Amino acid sequence: MSENIPDAEVTQLEAALAALAPRPASLDRDRLMFLAGQRAAVRRGWVLPCAAAVLAAAATLLAVLLLYQPPTRIVYVDVPQPQSPAPSAVAQDVDAGQPPSGEYILLRNRILTAGVDALPRLPPDPSSGPTPNAIFRPHMLPRDDLGIPGGPQ
Amino acid sequence: MAPDLLGRLVDKHAAALTLYARQWCTAPEDVVQEAFLKLVAQRPSPEQPVAWLYKVVRNAALSAARSSQRRQRHESEAAARGPAWFVPTEGAGLDAETATAALQTLPAEQREVIVAHLWGGLTFEQIAVITGTSSSTAHRWYLAGLSTLRERLGVPCPKTFPTRK
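Residues numbered from 1 in each chain as written. Chains lettered and ligands numbered in written order. Predicted model: local features only at pLDDT ≥ 70, side-chain atom pairs only at ≥ 80, totals over all residues. Heavy atoms only, no water.

## Thoughts on the overall build of chain A
Filter applied, for reference: In DSSP terms, a helix is any run of H or I states spanning at least four residues, a strand is any run of E spanning at least two, and both are numbered starting from the N terminus. The cut-offs for exposure are 20% and 50% of the maximum accessible area for each residue type, with area from a 1.4 Å probe on protein chains only; residues under the lower value are buried, those over the upper are exposed, and the others partly exposed. In short, Shrake-Rupley with a 1.4 Å probe defines the accessible areas, and a residue's cover is counted only from the protein chains shown.
Within chain A one finds seven helices and one strand. When the helices and strands of chain A are placed in sequence order, the string is α-β-α-α-α-α-α-α. The burial tally for chain A puts 17% of its 153 residues in the buried class. Accessible surface, chain A: about 12500 Å² in total, of which carbon and sulfur atoms supply 62%.

## Overview of the overall build of chain B
This is how it is decided: By definition, residues are in contact when any of their heavy atoms lie within 4.5 Å.
For chain B, the count of helices and strands is eight helices and one strand. Listing every helix and strand of chain B by position from the N terminus yields α-α-α-α-β-α-α-α-α. Looking at the 165 residues of chain B, the share that counts as buried comes to 49%. In chain B, once contacts between residues fewer than 6 apart in sequence are set aside, the share between residues at least 24 apart is 62%. Surface summary for chain B: the accessible area is close to 8200 Å², and the carbon and sulfur share equals 51%.

## Comments concerning helix 7 (residues 124-131) of chain B
Residues and elements named next belong to chain B. Buried residues dominate helix 7, accounting for six of its eight residues. Residues of helix 7 that are buried include every one of Phe124, Gln126, Ile127, Ala128, Ile130 and Thr131, and no others. Count one or two residues on from helix 7 and you reach Gly132, which has phi positive near 75°.

## Some points on the interface of chain A and chain B
This is how the line gets drawn: Counted as salt bridges are all cases of a side-chain nitrogen of Lys or Arg within 4 Å of a carboxyl oxygen of Asp or Glu. Pairing of N or O atoms within 3.5 Å defines a polar contact, subject to two protein rules: one partner must be a possible hydrogen donor and the other a possible acceptor, and residues neighboring in sequence count only if both atoms are side-chain atoms. Each residue gets one of three labels, nonpolar for Ala, Val, Leu, Ile, Met, Phe, Trp, Tyr, Cys and Pro, charged for Asp, Glu, Lys and Arg, and polar for the others, Gly among them. Two strands are counted as paired when DSSP detects at least two bridges linking them.
Listed by partner, the interface residues are 30 residues for chain A and 49 residues for chain B. Our count for the contact surface shared by chain A and chain B stands at two salt bridges. Viewed at the interface, chain B and chain A are joined by nine residue pairs in polar contact (both at pLDDT 80 or more). If you list the elements that add at least two residues to the side of chain A that touches chain B, you get helix 1 (7-18), strand 1 (21-22) and helix 2 (29-44) of chain A. Here the side of chain A that touches chain B is built from residues that sort into 20 nonpolar, three polar and seven charged. Across two bridges, strand 1 of chain A lies against strand 1 (residues 86-87) of chain B in antiparallel orientation.

## Overview of the nonpolar core
Under the convention used in this document: Nonpolar core, defined: a set of buried Ala, Val, Leu, Ile, Met, Phe, Trp, Tyr and Cys residues in which side-chain atoms within 4.5 Å join the residues together.
By size, the foremost hydrophobic cluster in this structure holds 60 residues, and its most contacted members are Leu17 of chain A together with Phe36, Phe86, Ile114, Trp119 and Leu149 of chain B. Residues within four places of Leu17 of chain A in sequence aside, it is in contact with Leu94, Leu118, Trp119, Leu146, Leu149 and Leu153 of chain B.

## Overview of the packing of helix 6 (residues 108-119) of chain B against helix 8 (residues 135-153) of chain B
All names here are of chain B. To keep things clear, this is the line we draw: Note on definitions: angles span 0 to 180 degrees between N-to-C directions of axes, and those axes are lines fitted to C-alpha atoms, for helices only across the stretch in contact. Any angle between 65 and 115 degrees counts as roughly perpendicular, while under 35 counts as roughly parallel, over 145 as roughly antiparallel, and the rest as oblique.
Taken N-terminus to C-terminus, the directions of helix 6 and helix 8 make an angle of 95°; their axes are 8 Å apart at the nearest point. By the angle between their axes, helix 6 is roughly perpendicular relative to helix 8. Within the contact between the two elements, helix 6 uses Glu109, Gln110, Val113, Ile114, His117 and Leu118 and helix 8 uses Ala138, Trp141, Tyr142, Ala144, Gly145, Leu146, Thr148 and Leu149. For the contact of helix 6 with helix 8, a count of residues per class yields nine nonpolar, four polar and one charged.

## Looking at the pattern of salt bridges
All names here are of chain B. With the rule as written, the count across this model stands at five salt bridges over all chains. Put simply, Glu29 and Arg22 hold a salt bridge, and the shortest N to O gap is 3.8 Å. We classify Glu29 as buried; its relative accessible area is 16%. Notably, a salt bridge pairs Glu112 with Arg58, separated by 2.4 Å at the nearest N-O pair. Taken together, the residues span a long stretch of sequence, with Glu112 in helix 6 and Arg58 in helix 3 (residues 49-71) at a distance of 54 residues. Summarising the burial analysis for this pair, Glu112 and Arg58 share the class buried.

## Brief notes about the packing of helix 7 of chain B against helix 8 of chain B
Residues and elements named next belong to chain B. Contact pair helix 7 / helix 8: the axes reach a minimum separation of 8 Å and the direction vectors enclose 100°. For the element pair helix 7 / helix 8, the angle class is roughly perpendicular. Facing Phe124, Glu125, Ile127 and Ala128 of helix 7, the residues of helix 8 in contact are Ser135, Ala138, His139 and Tyr142. When its residues are assigned to classes, the contact of helix 7 with helix 8 shows five nonpolar, two polar and one charged.

## Digging into a nonpolar patch on the surface
For the record, the criterion: Every patch collects residues that have over 30% relative accessible area and no salt bridge, joining them within 9 Å if they carry like charges and within 5 Å if they are nonpolar side chains (Val, Leu, Ile, Met, Phe, Trp, Tyr).
Together, Leu61, Leu62 and Leu65 of chain A make up a nonpolar patch on the protein surface, roughly 330 Å² of accessible area in all. You can see Leu65 of chain A is positioned in helix 3 (residues 47-67).

## As for the side chain of Arg111 of chain B
All names here are of chain B. On the secondary structure map, Arg111 appears in helix 6. In terms of polar contacts, Arg111 uses its side chain to reach the backbone carbonyl oxygen of Leu106, at 3.3 Å. Sequence-distant contacts of Arg111, defined by excluding residues within four places in its chain, comprise Gln23, Trp85, Leu103, Gln104 and Leu106.

Listed below in structure tokens is the structure:
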């Protein structure tokens, strides 16, 4: 066979062959377009089903944990008692003291009415004068000076 | 891929693709339809969808031909040949049946190049990529096939040729 044919003849033969129309494809165009859309939708929509599956699994897990959670268990732990006396004991000691006498209440009322000047004068100390603390802290004074019975004899 | 683009590809290339697949298999429409569906699902879309379609159709048709040969080993050759490849056209210089018979006698590689170039509109570079050869080899096969066809069909009078290009 010879491939050295003139260009004109090649062109004529090409034209003659190209004039032949291929047998039309017996494709169902509508069905093809439908299948194409279906396949494209399947291809595009895999993200949402996966996300929905993950969320559904998480929700199921949380529901199971909520329904089957273990009952609350109370544990009693021995706490070591502190060595110092408890505040309640101190309060008890205070309560156990003597109730204020009527004279003390009178003195308190007098001080509240007339001020600290209503306090009785301290006896002069020969070695040193009266300390300011003695003036401003009457509760430190001997009870005899305040006229309160029960003071040191 | 946009539906309108797919529709245009189907309208314009389905017949040529079917002719291309008909060289090898007896159910070329199925092969072509599957190729279009693969094109839709292809991500990203190929830069040259027509050449891509021809490549996919070629692979699928060859695969279908191998399966078909195993199944139809005892069937007659005439039954396997199938219908004519072309529609009888008024005014055409060549008879459809005669052209089909002449094409079927060509070597496979020559026939493939002729069909892809003449009716598929592919360039020799695209054909070379599809067939795995060089463009010069594809062009040489094309000329050899045309030479053989010219001898078997005869060269009709040029004035009777309707030009389609």
